[in-house]
Amino acid sequence: MKLKNILVGFVVGTIGGATLAVLNAPKSGKDLQSSLTESSGTIKSASNQIKEEVSNIKNSVLRAKHETSNIGDLVDEVKILVSNFQKDIEPNVEQLKSGVDDINNRVSKIEKKLSE
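Note that the coordinates shown come from a computational prediction; the quantities given were computed from them, not determined experimentally.

K.L.:
Explain the overall build of the protein to me, please; I cannot follow it from the model alone.
P.N.:
The number of helices and strands found in the protein is 2 helices and 0 strands. Within the protein, buried positions represent 8% of all 116 residues. Charged side chains of the protein number 16 positive and 15 negative; the gap between the two group centres comes to 9 Å.

K.L.:
What exactly am I supposed to notice about the environment of V100 here?
P.N.:
Along the polypeptide, V100 turns up in helix α2 (residues 29–115). For V100, a relative accessible area of 47% gives the class partly exposed. Residues V100 and L62, spaced 38 residues apart in sequence, show a C-alpha to C-alpha distance of 55 Å.

K.L.:
Hey, could you run me through a nonpolar patch on the surface in this one?
P.N.:
A cluster of nonpolar residues, L3, I6 and L7, forms a patch on the protein surface that exposes about 310 Å² of accessible area. Its location among the elements puts L3 in helix α1 (residues 2–24).

K.L.:
Quick question: what am I supposed to make of the environment of D73 here?
P.N.:
Its location among the elements puts D73 in helix α2. Counting along the chain gives 16 residues from D73 to I89, while the straight-line C-alpha distance between them is 25 Å.

K.L.:
Please explain the pattern of salt bridges as it appears in this structure.
P.N.:
Proximity of charged atoms lets side chains of opposite charge pair with each other. Applying the stated criterion across every chain, the model contains 1 salt bridge. One salt bridge connects R106 with D102, and the closest N-O pair in it is separated by 3.4 Å. Taken together, the residues span about one helical turn, with R106 and D102 both in helix α2 at a distance of 4 residues. For R106, a relative accessible area of 52% corresponds to the exposed category.

K.L.:
Looking at this structure, how should I read the side chain of E53?
P.N.:
Examined against the element boundaries, E53 turns out to sit in helix α2. Not counting residues up to four positions away in its chain, the partners in contact with E53 are K4 and V8.

Calculation rules
- Residues numbered from 1 in each chain as written.
- Predicted model: local features only at pLDDT ≥ 70, side-chain atom pairs only at ≥ 80, totals over all residues.
- Heavy atoms only, no water.
- Helix = DSSP H or I, 4+ residues; strand = E, 2+ residues; numbered from the N terminus.
- Buried < 20%, exposed > 50% of the residue type's maximum accessible area, 1.4 Å probe, protein only.
- Lys, Arg positive; Asp, Glu negative; His and termini not counted.
- Charge placed at Lys NZ, Arg CZ, Asp CG, Glu CD.
- Patch = residues over 30% accessible without salt bridge, like charges linked within 9 Å, V, L, I, M, F, W, Y side chains within 5 Å.
- Areas by Shrake-Rupley, 256 points an atom, 1.4 Å probe, with all protein chains shown as cover.
- Salt bridge = Lys/Arg side-chain N within 4 Å of Asp/Glu carboxyl O.
- Contact = heavy atoms within 4.5 Å.

So far we have only geometry, and geometry alone does not tell us how the molecule works.
Right, here's the structure in full:
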């Protein structure tokens, strides 16, 4: 999207510079009229290109807005899934903790017997 902004700025700057150059050039009325006539095609083409770029930018913004609304829904779903997963594994975690404590107690008893 930044590249589009740069291109739009470049086109607008080019048109503005060309317009200023034409208006400030020391030419006679007929020369200026013919120059403006020649430049009008370029200006129309550039303005059409700007309209197209603005339309593309608008579509990109709308698409991004739509995608971000979908992301919020996905985040909510992931939170629910994680919460359910935690609830499902909690009994297993408690059993594992109990098993580890039991193993540590047995190891301590064995170490005492071996040290005697």
